[in-house]
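An overview of the molecular structure
These are the residues of each chain, in order.
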2 protein chains.
Amino acid sequence: MKPAAARRRFELFLKERKLRVTQQRLDILDLAWETHDHFSAEQMFGWARVRNAHASRATVYRTLNLMLEGRFLSSFEASSGAALFEHALGHNHHDHILCLKCGKIEEFHCDAIEKLQEQEAQRLGFQLVDHALILEGHCASCSSTDEL
Amino acid sequence: MKPAAARRRFELFLKERKLRVTQQRLDILDLAWETHDHFSAEQMFGWARVRNAHASRATVYRTLNLMLEGRFLSSFEASSGAALFEHALGHNHHDHILCLKCGKIEEFHCDAIEKLQEQEAQRLGFQLVDHALILEGHCASCSSTDEL
DNA sequence: TTCGTTGCAAACCTTTTGCACTACG
DNA sequence: CGTAGTGCAAAAGGTTTGCAACGAA
């Protein structure tokens, strides 16, 4: 989804839920669409600050959660404990693999894994709603330069 | 691993690392082996309190981390944000599926998924160290009684 | 005008840490 | 005895919340 389209859909989303279209909400959406990287709530707060977008930390958190509910963003837990967000691009769902040394994050998608997850859930009588898969290891450049 | 064996191995582990075998450490190990359920640090603190095991919250956290390092326990992140622990029984590695309504936790293991994770990591040039897979959904009894 | 939203700071929750005291080896 | 471990309370890190002021509809 392109920035303009995202913004339009976000406004619609807000109106459908009878929520107000505020400058802060739009600014945060725009900022989220300006990076192709994963970002934390704190980073977003910093960007807003730098860009005079005037959103308080509380509003940043509230808006990120709102965008999560509307599936404008997805998030996963970094090993630090903080949540990392990324905008939904209309891309297929993907999972993440983190380098434990340099912190690099790569995305991957594997249909076979998804199908097997669904199968396992069914086998256990669960109706699958969501899943979180995070792989951790050493990336190519980090493992080429280490002994440990 | 049975309680007695766990305790013996834990004492060995401590001695190998030149750490002291304290009453608190043994009590916490015993308590961990008294449940077949997943437990949080706070729960363990409560048990210790009730049982006069006299371990402070700080000691509980420190000891749980120690047992994690020694692979006496494994842990994963509950959706609440708190870590859930379970004793290592010598069982094979397994993943978890949580019911979003009643909180029930089931374990499962799927070799095919593990292999595919390894493949994906290799494909991306990563040397896989660990992974976390958590499925979330509605369990059989919760999905039979709901409309949502 | 009205009610949802914001900003601030305080509260929260989980986990870690500094330091004086305790106890294992 | 000497040093690692413990308990306490305070700090830390991330996120949520209560409430008065603000602003979109």
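The coordinates are above.
Note that the structure is predicted; figures quoted are calculated from it, not measured.

Some thoughts on the protein's contact with DNA strand D
- Around DNA strand D, 20 residues are found, and the nearest of them are Arg20 of chain A together with Thr22, His54, Ser56 and Thr59 of chain B.
- Within the contact set of DNA strand D, a sugar or linking oxygen lies 2.8 Å away from a side-chain nitrogen or oxygen of Gln24 of chain B.
- One of the side-chain N or O atoms of Thr59 of chain B is found 2.6 Å from a phosphate oxygen in DNA strand D.
- Elements with a minimum of two residues in the surface near DNA strand D: α4 (57-69) of chain A together with α2 (23-33) and α4 (57-69) of chain B.
- Per-element tally for the surface near DNA strand D: the top contributor is α4 of chain A, with 5 residues.
- The residue inventory of the surface near DNA strand D, partitioned by class, reads 8 nonpolar, 6 polar and 6 charged.

Notes on the protein's contact with DNA strand C
- Around DNA strand C sit 21 residues in total, of which Thr22, Arg25, His54, Ser56 and Thr59 of chain A are the nearest.
- Within the contact set of DNA strand C, a base oxygen lies 3.2 Å away from a side-chain nitrogen or oxygen of Arg20 of chain B.
- In this structure, Val21 of chain B approaches DNA strand C through a main-chain N or O atom, which is 2.8 Å from a phosphate oxygen.
- Of all the secondary structure elements, the ones that give two or more residues to the surface near DNA strand C are α2 (23-33) and α4 of chain A together with α4 of chain B.
- Ranked by residues supplied to the surface near DNA strand C, first place goes to α4 of chain B with 5 residues.
- Split by residue class, the surface near DNA strand C holds 9 nonpolar, 6 polar and 6 charged.

Remarks on the packing of helix α1 (residues 3-16) of chain A against α2 of chain A
Residues and elements named next belong to chain A.
- Viewed as axis vectors pointing N to C, α1 and α2 meet at an angle of 145°, and their least axial separation amounts to 10 Å. Classified by chirality, the crossing of α2 by α1 is right-handed. In this structure, α1 uses Pro3, Ala6, Arg7, Phe10, Glu11 and Leu14 to contact α2, whose residues at the interface are Arg25, Leu26, Leu29, Asp30 and Trp33.
- Here the residues of the contact of α1 with α2 are counted per class, giving 7 nonpolar, no polar and 4 charged.

Let's talk about α4 of chain B
Residue and element names in this part refer to chain B.
- Its 13 residues give α4 an end-to-end C-alpha distance of 19 Å, which sits within 8% of 18 Å, the value for a rise of 1.5 Å per residue.
- Of the positions making up α4, those classed as buried are Val60, Thr63, Leu64, Leu66 and Met67. Burial along α4 is one-sided: seen end-on, the buried residues are contained in an arc of 160°. Opposite the buried face of α4, at more than 90 degrees from it, the exposed residues are Arg62 and Glu69.
- For α4, the elements touching its buried residues are α1 (3-16), α2, β1 (39-40), α3 (41-50), β2 (73-77) and β3 (83-87).
- At the C-terminal side of α4, Arg71 shows a positive phi close to 60°.

Points about the sheet that holds β2 of chain B
Residues and elements named next belong to chain B.
- Here 3 strands make up an open sheet; going across it, the order is β1-β3-β2 and the pairing antiparallel. Each having just a single partner strand, β1 and β2 make up the two edges of the open sheet.
- Summarising the sheet, β1 and β3 pair through 2 bridges and their orientation is antiparallel. The residue of β3 that forms the bridge with Ser40 is Leu84.

Concerning the interface of chain B and chain A
- Facing 34 residues of chain B, the contacting portion of chain A comprises 34 residues.
- Between chain B and chain A, a total of about 2,700 Å² is buried, with carbon and sulfur atoms accounting for 70% of that surface.
- Taken together, chain B and chain A are joined by 10 residue pairs in polar contact (both at pLDDT 80 or more).
- Listed by contribution, the elements that provide at least two residues to the side of chain B that touches chain A are β4 (95-99), β5 (105-108), α5 (111-123), β6 (127-138) and α6 (140-144) of chain B.
- Considering each element in turn, the side of chain B that touches chain A owes the most residues, 12 residues, to β6 of chain B.
- Here the residues of the side of chain B that touches chain A are counted per class, giving 20 nonpolar, 8 polar and 6 charged.

Reading the values: the criteria
Residues numbered from 1 in each chain as written. Chains lettered and ligands numbered in written order. Predicted model: local features only at pLDDT ≥ 70, side-chain atom pairs only at ≥ 80, totals over all residues. Heavy atoms only, no water. Near = heavy atom within 4 Å. Polar contact = N/O pair within 3.5 Å; in protein donor to acceptor, adjacent residues only side chain to side chain. Helix = DSSP H or I, 4+ residues; strand = E, 2+ residues; numbered from the N terminus. Nonpolar A, V, L, I, M, F, W, Y, C, P; charged D, E, K, R; others polar. Axes fitted to C-alpha atoms, helices over the stretch in contact; angles between N-to-C directions. Left-handed = near helix turned anticlockwise from the far one by under 90°. Contact = heavy atoms within 4.5 Å. Expected span 1.5 Å × (residues − 1). Buried < 20%, exposed > 50% of the residue type's maximum accessible area, 1.4 Å probe, protein only. Arc of directions from axis to C-beta. Pairing = 2+ DSSP bridges. Buried area = accessible area lost by both parts, 1.4 Å probe.

Read these as geometric descriptors, not functional statements.
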